[in-house]
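Here is how the chains run, residue by residue.
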Amino acid sequence: MKSKYLRIVIPLAILAAAGIAFAIYAPIGNLSSFGWKDISLICPLGALGTMLASKTIIPHAVISLAIAVVSIIILGRAFCAWICPVPIVSSLRNIFRKKSETKPETDNAEDTPIALTDKELASLKRCMRGCGSCAGKKSLDSRHIILGGALLSTAIFGFPVFCLVCPIGLTFATVFLAILLFSAGDVSWTVVAIPALLAAEVIFFRKWCSHVCPLSAFMSLISKANRTFVPVIDDAACLETTTGAHCGRCAQACTHKINPRHPELGSDFCECTKCRDCVDSCPASAIKLSALPKKRDGRVVLTGENGVCGETSLSATEKSGTAER
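In this report, we go over the structure that sits alongside the text.

Side note on the overall build of the protein chain
- Helix and strand counts for the protein chain come out as 15 helices and 11 strands.
- For the protein chain, the residues scored as buried account for 41% of the 325 residues in total.
- For the protein chain, the exposed area adds up to about 17800 Å²; of that, 67% sits on carbon and sulfur atoms.

So, in structure tokens, the structure goes:
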């Protein structure tokens, strides 16, 4: 099964599990706040918001925040691709898209190879280590401003304001309301208001995940420390290094505009959601998500701060060999 199908099945399974638990009166909550009986966790923004609103250190919130931070350091922004239901809800906008708006397929792109540009050739000469993460990028954007605004408004008003409009919570609320509507005939204004607000945020406002979501902003900041499951390119198989012709399939596939082959031309790797689109799109199967950095030619390939590669010291022979490549 391709990764894109798994990324649909897993969030839907989580929604279904939460809905079934709610229907049989054994609620486990949702992704914003979940657990069983006395054991529960809340999302990192909810944890920060709770402590800011109460202006106290709450052990439960601290534990939830710590677990979230550790998870992000290990898995990066994997939550966004594999667990969050918002991308699935956002895909409903395709229903309103005309067929003429869909992009044409580019299956025959490799039939007419294009030579690499001078900039691409220069980047390949500078970095032939296969890690695909040699360039740092400015990673602060509108999401981080909204994140600051959400936390500031919570401190001012004494209430986690963003939680009222969080699309993750609204998605689960919509499922729960549908269950109440069809099982008990419970009708109120929320049956219309909550789905309408969700639609306004993630269906008709197309840039939610990339321009608005403060949770993804929080994760991108923490995932600068992520060193695992980083896209690694096998230069012996990559079409660009073996043929000298431009490919760019991995960059085209990435919804976050990361360019694994030419990282200086794309977004910071802290935005990587481990979705595996670059892996699945590579015609030479040259990309893998390595669980841990691997040694190559006596060097340890790492993704350093701001996406800059780090390595152990090189001998003179290794340096000259790298320069020749």
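Re the sheet that holds strand β1 (residues 29–30)
- The three strands lie next to each other as β1-β2-β3, forming an open sheet whose pairing is antiparallel. Whereas interior strands pair on both sides, the edge strands pair on one side only; in this sheet they are β1 and β3 (39–42).
- Bridge analysis of β1 against strand β2 (residues 33–36) gives two bridges, and the strand direction is antiparallel. If you follow G29 over to β2, its bridge partner there is F34.

A look at the environment of G19
- The topology assignment puts G19 in helix α1 (residues 3–23).
- Residues G19 and L177, spaced 158 residues apart in sequence, show a C-alpha to C-alpha distance of 9.8 Å.
- Residues in contact with G19, not counting those within four places in the same chain, are V175, F176 and I179.

Looking at the state of the cysteines
- Taken as a whole and assessed by the stated rule, the structure comprises zero disulfides.
- Among the cysteines around C209, which has no disulfide bond, C213 carries the closest sulfur, lying 6.2 Å off.
- Cysteine C282 shares no disulfide, and the gap to the nearest cysteine sulfur, in C247, comes to 6.3 Å.

Side note on the nonpolar core
- Formed by 37 residues in total, the largest nonpolar core has its most connected members in F79, I168, F172, V202, W208 and L215.
- Each residue touching W208, except ones within four places of it in the same chain, is listed here: V86, F162, V165, P167, E201, V202 and C213.
- In terms of nonpolar packing, the next biggest core, distinct from the first, is built from nine residues, I233, V279, C282 and I287 among them.

Some points on the packing of helix α2 (residues 44–54) against helix α11 (residues 214–222)
- Axis separation between α2 and α11 bottoms out at 10 Å; the angle between their running directions is 100°. By the angle between their axes, α2 is roughly perpendicular relative to α11. Residue-level contacts link P44, L45 and L48 of α2 to P214, L215 and F218 of α11.
- Partitioned by chemical class, the residues of the contact of α2 with α11 number six nonpolar, no polar and no charged.

Comments concerning unusual backbone geometry
- Of note, the phi angle at K257 is positive, near 60°, even though the residue is not glycine.
- Along the chain, the position of K257 falls in the loop between α13 (249–253) and α14 (277–281).
- In this structure, R276 takes a positive phi of about 75° despite not being glycine.
- With respect to the secondary-structure elements, R276 resides in the loop between α13 and α14.
- For R276, a relative accessible area of 30% translates into the label partly exposed.

Re the packing of helix α3 (residues 59–75) against α11
- At their nearest, the axes of α3 and α11 sit 9 Å apart, and the two run at 65° to each other. Considering only the axes of α3 and α11, their crossing is right-handed. The segment α3 lies against α11, with L65, V69, I72 and I73 engaging F218, M219 and I222.
- Among the residues forming the contact of α3 with α11, the class breakdown is seven nonpolar, no polar and no charged.

Digging into the environment of L15
- Tracing the backbone through its elements, the reader meets L15 in helix α1.
- The class for L15 is buried, based on a relative accessible area of 13%.
- When the C-alpha atoms of L15 and P85 are compared, they prove to be 7.9 Å apart, with 70 residues separating the residues in sequence.

Brief notes about the pattern of salt bridges
- Tallying each qualifying case throughout the model produces six salt bridges.
- Residues D277 and R7 are paired through a salt bridge, measuring 3.2 Å at the closest nitrogen-oxygen approach. Linking D277 in helix α14 with R7 in helix α1, this pair joins segments that are 270 residues apart in sequence.
- For D277, a relative accessible area of 16% puts it in the buried group.
- A residue is classified by how much of its surface remains accessible, and R7, at 15% relative accessible area, is buried.
- Salt-bridge contacts for D268 lead to K224; the nearest nitrogen and oxygen are separated by 3.6 Å.

Scoring rules and cut-offs
- Residues numbered from 1 in each chain as written.
- Predicted model: local features only at pLDDT ≥ 70, side-chain atom pairs only at ≥ 80, totals over all residues.
- Heavy atoms only, no water.
- Helix = DSSP H or I, 4+ residues; strand = E, 2+ residues; numbered from the N terminus.
- Buried < 20%, exposed > 50% of the residue type's maximum accessible area, 1.4 Å probe, protein only.
- Areas by Shrake-Rupley, 256 points an atom, 1.4 Å probe, with all protein chains shown as cover.
- Pairing = 2+ DSSP bridges.
- Contact = heavy atoms within 4.5 Å.
- Disulfide = S-S within 2.5 Å.
- Core = buried A, V, L, I, M, F, W, Y, C linked by side-chain atoms within 4.5 Å.
- Axes fitted to C-alpha atoms, helices over the stretch in contact; angles between N-to-C directions.
- Parallel < 35°, antiparallel > 145°, perpendicular 65-115°, else oblique.
- Nonpolar A, V, L, I, M, F, W, Y, C, P; charged D, E, K, R; others polar.
- Left-handed = near helix turned anticlockwise from the far one by under 90°.
- Salt bridge = Lys/Arg side-chain N within 4 Å of Asp/Glu carboxyl O.

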